[in-house]
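Summary of structural features
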Amino acid sequence: MKKTKVTSVLAGIAMLACVLAGCDGANTHTYPTDIFTVGAAGSCGITLGDKFEKLTVFSEGSAGQITENADGSVTFVATAAGGGGGGAAFYMKSDKTEINLANYESIDLELVYSPVNGKWASGAKNPGFALRILPWDSTGMFGGYEDLEYFGGSSAYGELKKNIKITDAFVERIKASSDFDSILGFALKFNDYNSGNKDGDQLRVQVKQVKFNKKAGAGEDKAFDDGLTAAQHGTVTEINYPTRDYTVAADKVTEADKYNKHAWVYLPAGYDDPANANKKYPLFILLHGYGQNENTWGLSNKGRGGKIKGYMDRGMASGNVKEFILVCATGVADKSWGPNGGGNSIAGFNAFGGELRNDLIPYMRSNYRVADGRDNVAMAGLSMGGGQTFNIGIGECLDLISYFGGFSGALFDSAADFMKKVDGNANFNGLKIHHLYMICGDADSLVYGSFPGYVDAMKKWNRVEKFDSDVVPGGTHDFPVWYKGFKTIIPMVFK
């Protein structure tokens, strides 16, 4: 692996907002604070059709400093972070049940906003926002969302009133993503992507009124029901497997370089049924991207378990997806891994092959009923994890894994150099890639430049038995593309 190329790609991922903005320093302008007022109790909130109540904050799904005010409004401070600016998430109802988005035609927003004094880049654009819809399987504003609309203020600060249409096409997009139009909540995000902001810039926002306008003749909203019985839902558990810092040479390893590492494991429905005591399952290894960790995919043993759990539950219940065990691990193989690590160690990313081969896969085989052989192992990842899938999964561990997926993969070498390296490994003679899948958004300014060339090369590579790819029109370097990638690949593997 060429370290200079790895460094270059990761620097682009980590510093995208700074590069685009020019990072030209803080603005010395003074912004008003007296525009954030609190009125009479109960004067602000959310209206669903003709039903009004207070805003209910989805606190664990938010990313910012949040204050619930006496009048029912909510104030938050969001911080720019390389395009991942924070914001506040809200449940549709105080009892946390869902609405059916198809019953509604538009949303009216009323809010007040202003940059935080001393924390706004000179030359930054007027503040912008994204209104995110959170389906029933969402874990918050960064997990399982779909962006309904991006919009901005007409000035640097002040009041903003906005009507946003809910089109039939958007409802279908929600269904394509989550299979149902059941909506758990919504989020208002500070849009710091391509905004001229630098990391650390802050925006204060007060959400006053939110109104979901019902269609004429629309029926009553129904709480979510996926149609599955309790026995058809898989389970999620946590593991802590022994490993070490693989950036340290083997002969230099000390006890301080050894640790137990956290990961999430999905077990298919019926795994613990005594009737299945002798049944073995394939293993799917799923990786995150740069600046992320094992929690990024949203797999959890809380609530509904996250978006990908729903994909697996429903796919396996229908028979469209072959039952498998999935592990979401942190792809950083040094002491900075976490827990809840920053995911920004290039050396740790590059060294993950040792951990994968020597620790993670053996642990899963020893502690779970994982079927034998490379034919029963798949690996996929997003962004940096997609690069690891190619460079480590295929490039170093082809003798252990036979199915692969790259979602907006950060690919370090040219396709020709990559194939030459794999084909030149005598340990891989005769080993085939049973199925390779790639996906990328065509508006992904980070990695789409390398995607078409890789697709063309991979579909011609005689080592690949079956190849599929998708381009998402308008897709950026973000989770709607990556969730689509996971949903698409899981019926392909182990067939």
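Each chain has its residues counted from 1, running along the sequence as written. Under the rules for a predicted model, residues below a pLDDT of 70 receive no local features and side-chain atom pairs below 80 are neither given nor counted, while totals for whole chains, interfaces and linings still include all residues. Excluded from the side-chain calculation are hydrogens and water; included are all heavy atoms of the structure.

**Digging into the overall build of the protein**
Looking only at helices and strands, the protein has 10 helices and 21 strands in total. Taken over the C-alpha trace, the protein has a radius of gyration of 23 Å; the compact-globule value for 495 residues is 23 Å, and the two agree within 12%. Dimensions of the protein along its principal axes, counting C-alpha atoms only, are 70 × 55 × 45 Å. With a 1.4 Å probe rolled over the protein chains alone, any residue whose accessible area is under 20% of its type maximum counts as buried; one over 50% counts as exposed, and the rest are partly exposed. Counting all 495 residues of the protein, 56% fall into the buried class. The criterion used for residue contact is that any of the two residues' heavy atoms lie within 4.5 Å. Here the analysis covers contacts within the protein between residues at least 6 apart in sequence; of these, 80% occur between residues at least 24 apart. Working note: accessible area of the protein is about 19300 Å², and carbon and sulfur atoms make up 49% of it. Charged side chains of the protein number 50 positive and 55 negative; the gap between the two group centres comes to 3 Å. A run of H or I in DSSP counts as a helix once it spans at least four residues, and a run of E counts as a strand once it spans at least two, with each numbered from the N terminus. Computation of the radius of gyration draws on C-alpha atoms alone. For the globule rule, the value is 2.2 Å times the number of residues to the power 0.38. In short, Shrake-Rupley with a 1.4 Å probe defines the accessible areas, and a residue's cover is counted only from the protein chains shown. As used throughout, the charge tally considers Lys and Arg to be positive and Asp and Glu to be negative, leaving His and the chain termini uncounted. Every charge is mapped onto a representative atom, which is NZ of Lys, CZ of Arg, CG of Asp or CD of Glu.

**Details of the nonpolar core**
Considering soluble globular proteins, one finds that nonpolar side chains tend to be buried as a cluster. Here, the term nonpolar core denotes a set of buried Ala, Val, Leu, Ile, Met, Phe, Trp, Tyr and Cys residues that are joined through side-chain atoms within 4.5 Å. Core analysis: the largest hydrophobic core is formed by 53 residues, its most contacted members being Ile285, Ile325, Leu356, Met364, Ile394 and Met458. Considering each element in turn, this core owes the most residues, six residues, to helix 6 (residues 352–367). Excluding its chain neighbours within four sequence positions, the residues that come into contact with Leu356 are Ile285, Ile361, Pro362, Met379, Ile392, Cys397 and Ile401. The next biggest cluster of nonpolar side chains, apart from the first, holds 42 residues, and it includes Leu111, Tyr113, Phe129 and Phe151.

**Some details on the pairing of strand 5 (residues 74–79)**
Counting buried residues along strand 5, five of its six residues qualify, which places the element largely inside the surrounding structure. Here, strands pair whenever DSSP counts at least two bridges between them. Strand direction decides the pairing type here: strand 4 (residues 65–68) and strand 5, joined by four bridges, are antiparallel. Looking at the pairing, Ile66 lines up with Phe76 of strand 5. One ladder, built from six bridges, connects strand 5 with strand 13 (residues 202–214); its direction is antiparallel.

**Focus on helix 6**
In this scheme, the bend at a residue equals the angle between the axes fitted to the seven residues that finish there and the seven that begin there. Roughly 25° is the biggest bend found in helix 6, and it falls at Leu360, with proline Pro362 one to four residues downstream. Where helix 6 is concerned, the buried positions are Phe352, Gly353, Glu355, Leu356, Asp359, Leu360, Ile361, Tyr363 and Met364.

**Focus on the environment of Asp168**
With respect to the helices, strands and loops of the structure, Asp168 is situated in helix 3 (residues 168–178). For Asp168, a relative accessible area of 55% gives the class exposed. Put simply, Asp168 and Val116 are 52 residues apart on the chain and 38 Å apart in space, counted from C-alpha to C-alpha.

**A short note on the sheet that holds strand 16 (residues 283–287)**
The eight strands lie next to each other as 14-15-17-16-18-19-20-21, forming an open sheet whose pairing is mixed. Sheet topology places strand 14 (235–244) and strand 21 (467–472) at the edges, where each strand pairs with a single neighbour. When strand polarity is set aside, the average angle formed by the axes of neighbouring strands in this sheet is 20°. As paired elements, strand 16 and strand 18 (residues 377–382) share five bridges and run parallel to each other. Bridging across to strand 18, Phe284 finds its partner in Ala378. The strands touched by helix 10 (residues 479–489) are strand 16, strand 17 (325–329), strand 18, strand 19 (403–407), strand 20 (435–441) and strand 21; relative to strand 20, the strand with the most contacts, the crossing angle is about 160°. As a rule, the C-alpha atoms of each element are fitted with a line to give its axis, helices using only the stretch in contact, and angles between N-to-C directions run from 0 to 180 degrees.

**A look at the packing of aromatic side chains**
Any aromatic ring pair is given by two values, namely how distant the centres are and how the planes are angled relative to each other. Whether two aromatic rings pair depends on their centres lying within 6.5 Å, for rings of Phe, Tyr and Trp, where Trp uses its six-membered ring; planes under 30 degrees apart make the pair stacked, over 60 edge-to-face, and the rest tilted. The full count for this structure, using the stated rule, is 32 aromatic pairs. With 4.5 Å between their ring centres and 25° between their planes, Phe58 and Tyr91 make a pair best called stacked. Linking Phe58 in the loop between strand 3 (56–57) and strand 4 with Tyr91 in strand 6 (residues 87–91), this pair joins segments that are 33 residues apart in sequence. Classification of Phe58 by relative accessible area gives buried; the value is 5%. A connected cluster of aromatic rings, assembled from ring pairs, spans Phe284, Trp297, Phe324, Tyr403, Phe407, Tyr437, Phe479, Trp482, Tyr483, Phe486 and Phe494. Only Lys NZ and Arg CZ are tested; either one counts as a charge over a ring when it is within 6 Å of the ring centre and within 35 degrees of the ring normal. A cation sits over an aromatic face here: Arg204 above Phe36, 5.8 Å from the ring centre. The ring centre of Tyr271 lies 4.1 Å from the NZ or CZ of Arg369, which sits over that ring.

**Let's talk about the pairing of strand 16**
Within strand 16, five of the five residues are buried, leaving the element largely enclosed by the surrounding structure. Bridge count between strand 16 and strand 17: four bridges; the pairing is parallel. In the strand pairing of strand 17, Phe284 is matched with Leu326.

**Considerations on the environment of Phe186**
Looking at the secondary structure, you find Phe186 in strand 12 (residues 182–190). By relative accessible area, which is 2% here, Phe186 ends up buried. Along the chain, Phe186 and Leu134 lie 52 residues apart, while their C-alpha atoms are 5.0 Å from each other. Ignoring any residue separated from it by four or fewer positions in sequence, one finds Phe186 in contact with Ile46, Leu55, Ala88, Ala89, Phe90, Met92, Leu131, Arg132, Ile133, Leu134, Val210 and Phe212.

**Quick word on the packing of helix 8 (residues 415–423) against helix 9 (residues 451–460)**
At a minimum axis distance of 9 Å, the contact between helix 8 and helix 9 shows a crossing angle of 40°. Our classification of the angle between helix 8 and helix 9 gives oblique. Counted together, Ala415, Phe418 and Met419 of helix 8 and Gly453, Tyr454, Ala457 and Met458 of helix 9 form the full contact between these two elements. In this classification, Asp, Glu, Lys and Arg are treated as charged, Ala, Val, Leu, Ile, Met, Phe, Trp, Tyr, Cys and Pro as nonpolar, and every other residue, Gly included, as polar. Of the residues that constitute the contact of helix 8 with helix 9, the class distribution is six nonpolar, one polar and no charged. The scheme is simple: roughly parallel for angles under 35 degrees, roughly antiparallel for over 145, roughly perpendicular for 65 to 115, oblique for anything else.

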